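Spelled out, the chains give:
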Amino acid sequence: MNQTSAAFSIASRPHLEKIGTTIFTVMSKLAADCGAINLAQGFPDFQAEPALFDAAHRAMLAGRNQYPPMIGTPELRRAIADKVAALYGTQLDADAEITVTAGATQAIFTAIAAFVGAGDEVIVFEPVYDSYAPAIETVGGKVVYAQLAAPDFRPDWAQVAALITPRTRLLIINSPHNPTGALLDAADLDALAGLLRGTGIVVLADEVYEHMVYDGAGHASVVAHRELAARSVVVSSFGKTYHITGWKIGYVLAPPALTRDFRKIHQFNVFTVNTPCQLAIAEYMQDHSRHLGLAAFYEAKRDFFRAQLAASRFELLPCRGSYFQLARYDAISDLPDDEFAVWLTREAGVAAIPLSAFYSAGNVPAARAARLVRFCFAKQEATLAAAGERLRRL
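Residues numbered from 1 in each chain as written. Predicted model: local features only at pLDDT ≥ 70, side-chain atom pairs only at ≥ 80, totals over all residues. Heavy atoms only, no water.

Q: Please clarify how the overall build of the protein should be interpreted in this entry.
A: Summing up its helical and strand segments, the protein has 17 helices and 13 strands in all. Against the globule reference of 21 Å for 394 residues, the protein gives a C-alpha radius of gyration of 21 Å, in line with a compact fold. Considered along the principal axes of its C-alpha atoms, the protein spans approximately 65 × 55 × 50 Å. Put simply, the protein has 394 residues, and 54% of those count as buried. When the 35 basic and 39 acidic side-chain charges of the protein are each reduced to a single mean position, those positions are 3 Å apart. (Helix = DSSP H or I, 4+ residues; strand = E, 2+ residues; numbered from the N terminus. Rg over C-alpha atoms; globule rule 2.2 N^0.38 Å. Buried < 20%, exposed > 50% of the residue type's maximum accessible area, 1.4 Å probe, protein only. Lys, Arg positive; Asp, Glu negative; His and termini not counted. Charge placed at Lys NZ, Arg CZ, Asp CG, Glu CD.)

Below is the structure:
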């Protein structure tokens, strides 16, 4: 190496300096290193049905292995349109209003890049999924935090109204909510529509857990709310719905004008998505019971996991949706939640996510002091039972 190359260094761009490794990667690695049961990262430890894999194999053997259309295969987009019509009573144009994406995270980043510019403000609800803020800041936007308070984590719409300024460009909602399992209902959507009336604010609705809603409740989708749907980008995920998070296939629903701008970015940051897997999902989802039965499937897992912890010293908060359970551990330890999560993984052999990982820097100390961790119950009963046995010993 010559002197010139030896002296060369690259400094991180200022907007990237505070972005670290995601907590999910950190805790999953720690779980693997310690041989702990991983209830931290949100993925199932069970397989999807063989019929889905058989459909992908047939598509491959039939020669469907080249680039599909940038917006997604016609077969999958039509299947999505049919599902939306059946569930929410909304007729979408499969060509102009539906885009297949490389998972929900790509869809969210693409939407933020399409609609947020330097100096624009984006309102999010805290605790907040950890990809939102870095994406906003990467494109030069400013994150504005509305607060969700335990134990029910419901929005305070008066607080949200006070946060809206002439610089507000985007507002992100997430229901069912990760990490809290809270839900928005029809009254919430009406309240949001009233706040945004007469503005140019775009709504980004993260609905990846749309089929995991419990206790007889229904999912209040933005796509079914005519006023909000006209200004919204709605994101969902086949990875969550069909237990195939590694396939990384999701989709976006948006009116034509928003879809056109979304696709301008989509075509250059991913272009298109795996062809045979799209075709397999399109075939598989023709049996609507496969997504309609998901609420009962995961509600049973939620109830099983909660029963496992009933005799423990954890205090379980309500879980109305998603496949995550929050638990307060202050009867077990005085450690802040990040330290407790590490201790729990190493000493008890169960990995969880500290709730403070979902908070902005200024609110992390208070979040740590609340002593809450998130468990994922998208696991086999044997896994949940083994975790429960370890957690009851604490």
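Q: Looking at this structure, how should I read the environment of Lys142?
A: Positionally, Lys142 belongs in strand E4 (residues 142-147). Beyond its immediate chain neighbours, meaning those up to four positions away, Lys142 contacts Asp120, Glu121, Val122 and Ile136. (Contact = heavy atoms within 4.5 Å.)

Q: Just to check I follow, could you spell out unusual backbone geometry for this structure?
A: Between Ser175 and the following residue, Pro176, the backbone shows a cis peptide bond with an omega angle of -10°. Although it is not a glycine, Asp215 sits at a positive phi angle of roughly 60°. Within the element layout of this structure, Asp215 appears in the loop between strand E6 (202-206) and helix H9 (226-229). Look at Ser322: it is not a glycine, yet its phi comes out positive at around 75°. One can find Ser322 in the loop between strand E9 (315-316) and strand E10 (324-328).

Q: I keep staring at the sheet that holds strand E3 (residues 121-126) and nothing clicks. Help me out?
A: Each strand in a sheet pairs with another by means of backbone hydrogen bonds, the pair being arranged parallel or else antiparallel. An order of E2-E8-E7-E6-E5-E3-E4 is seen for the seven strands of this open sheet, with the pairing classed as mixed. Each edge of the sheet is formed by a strand with only one pairing partner; in this case those strands are strand E2 (98-101) and E4. Strand-to-strand twist of the sheet, defined as the mean angle between neighbouring strand axes without regard to direction, takes the value 20°. Across six bridges, the pairing between E3 and E4 is parallel. Following the sheet pairing, Ile123 is matched in E4 by Val144. (Pairing = 2+ DSSP bridges. Axes fitted to C-alpha atoms, helices over the stretch in contact; angles between N-to-C directions.)

Q: Just checking my understanding: could you explain the pairing of strand E8 (residues 250-253) for this structure?
A: For a regular strand, side chains alternate in direction, first toward one face of the sheet and then toward the other. Residues of E8 alternate between two faces, with Gly250 and Val252 on one and Tyr251 and Leu253 on the opposite face, all of them buried. Looking at chain direction, E2 and E8 are connected through four bridges and run antiparallel. From the neighbouring strand, Thr101 faces E8, where its bridge partner is Gly250. Pairing of strand E7 (residues 232-237) with E8, which is carried by four bridges, proceeds in the antiparallel orientation. Following the sheet pairing, Ser237 is matched in E8 by Gly250.

Q: For this particular structure, what's the right way to read the sheet that holds strand E12 (residues 353-354)?
A: Pairing within the open sheet is antiparallel, and its four strands lie in the order E9-E10-E13-E12. The open sheet has two edge strands, E9 and E12, and neither has a second partner. Sheet topology note: the E10/strand E13 (residues 372-376) ladder contains five bridges and is antiparallel. Among the inter-strand pairings, Phe324 is bridged to a residue of E13, identified as Cys376.

Q: How should I be thinking about the pattern of salt bridges in this particular structure?
A: A side chain of one charge can pair with a side chain of the opposite charge if their charged atoms are brought near each other. Going through the model one piece at a time under the given rule, you end up with 18 salt bridges. Here Arg167 makes a salt bridge to Asp120, at a shortest N to O gap of 3.8 Å. Here Arg167 is found in the loop between helix H7 (157-163) and strand E5 (168-174), whereas its partner Asp120 is found in the loop between helix H5 (103-115) and E3, with 47 residues between them in sequence. Among the residues examined, Arg167 registers a relative accessible area of 41% and is labelled partly exposed. The exposure class of Asp120 is buried, given its relative accessible area of 17%. One salt bridge connects Asp188 with Arg154, and the closest N-O pair in it is separated by 2.8 Å. In this pair, Asp188 sits in helix H8 (residues 186-196) while Arg154 sits in the loop between E4 and H7, placing the two residues 34 residues apart along the sequence. For Asp188, a relative accessible area of 4% corresponds to the buried category. (Salt bridge = Lys/Arg side-chain N within 4 Å of Asp/Glu carboxyl O.)

Q: Sorry, what's going on with the packing of aromatic side chains here?
A: Describing an aromatic ring pair means giving the distance of the ring centres and the angle of the ring planes. Summed over all chains, the structure comprises 18 aromatic pairs. When the ring of Phe238 is compared with that of Tyr251, the centres are 5.1 Å apart and the planes differ by 45°; the resulting orientation is tilted. Placement of the pair is Phe238 in helix H10 (residues 238-241) and Tyr251 in strand E8, with a sequence separation of 13 residues. When sorted by exposure, Phe238 lands in the same class as Tyr251, which is buried. Where Tyr242 meets Tyr284, the ring centres are 5.1 Å apart and the plane angle is 90°; that geometry is what we call edge-to-face. Taken together, the positions of Tyr242 in the loop between H10 and E8 and Tyr284 in helix H12 (residues 275-284) put the pair 42 residues apart, joining distant regions of the chain. On the basis of relative accessible area, Tyr242 is assigned to the buried category, the value being 3%. In this structure Tyr284 comes out as buried when scored by relative accessible area, which is 7%. For Arg374, the ring lying beneath its charged end belongs to Phe324, and the centroid distance is 3.7 Å. Of note, Lys379 hangs over the ring of Phe43, and the distance from its end group to the ring centre comes to 4.2 Å. (Phe/Tyr/Trp six-rings, centres within 6.5 Å; stacked < 30°, edge-to-face > 60°. Lys NZ or Arg CZ within 6 Å of the ring centre and 35° of its normal.)

Note that every value here comes from positions in space, so none of it alone points to a role or purpose.
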